[in-house]
Amino acid sequence: MHHVELWVPDLARAVRSWGWLLERLGCEPYQEWPHGRSWRSGETYLVVEQSPALREGPHDRLRPGLNHLAFHVADRTELDRLVAEAPGHGWSPLFPDRYPYAGGPGHRAAYLENADGFEVELVARAD
């Protein structure tokens, strides 16, 4: 994959949630312009942009389009750390009663949603 571009309704809020998460996952800040930011890992990068061409209305992960992005996490210990820190950076847990097996037995993951309705899945690599 070359890059993913997410159009967001509030750039500052997106930078707060996405920037924290991506940097914790090992991405580095890559580009910055008045309406957007990006973070890079290797040759792949993720963009958040508050485009002037953005149509009104919230992101709805249950409509056709992007449901969620999934990222590798080093191990269960790191997954637990991210889950504990996430609310302080604008992420809320999804399915907390089934953590870390909401994806099924043996699939250790956390599902988080930010204030704009974007979901991420953080998948712990096998120990």
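Look up: the structure comes first, before these words.
Residues numbered from 1 in each chain as written. Predicted model: local features only at pLDDT ≥ 70, side-chain atom pairs only at ≥ 80, totals over all residues. Heavy atoms only, no water.

Undergrad: Before we move on, can you summarise the pattern of salt bridges with the specific residues and values?
TA: Scanning all chains against the criterion turns up 9 salt bridges. When the shortest N-O distance is used, the salt bridge between Arg37 and Glu32 registers 3.7 Å. Notably, a salt bridge pairs Arg76 with Asp80, separated by 2.9 Å at the nearest N-O pair. One end of the pair is Arg76 and the other is Asp80, both in helix H2 (residues 76–85) and 4 residues apart, which spans about a single turn. A relative accessible area of 32% means that Asp80 is categorised as partly exposed. What emerges from the salt-bridge pattern is a single network uniting Arg24, Glu78, Arg81 and Glu85. (Salt bridge = Lys/Arg side-chain N within 4 Å of Asp/Glu carboxyl O. Helix = DSSP H or I, 4+ residues; strand = E, 2+ residues; numbered from the N terminus. Buried < 20%, exposed > 50% of the residue type's maximum accessible area, 1.4 Å probe, protein only.)

Undergrad: So what about unusual backbone geometry? Which residues, and what values?
TA: Here the bond from Tyr99 into Pro100 is cis, since omega is 0 degrees, no more than 30 degrees from zero. Within the fold, Pro100 resides in the loop between strand S6 (91–94) and strand S7 (109–114). The phi dihedral of Phe95 is positive, around 55 degrees, even though this residue is not glycine. Note that Phe95 resides in the loop between S6 and S7.

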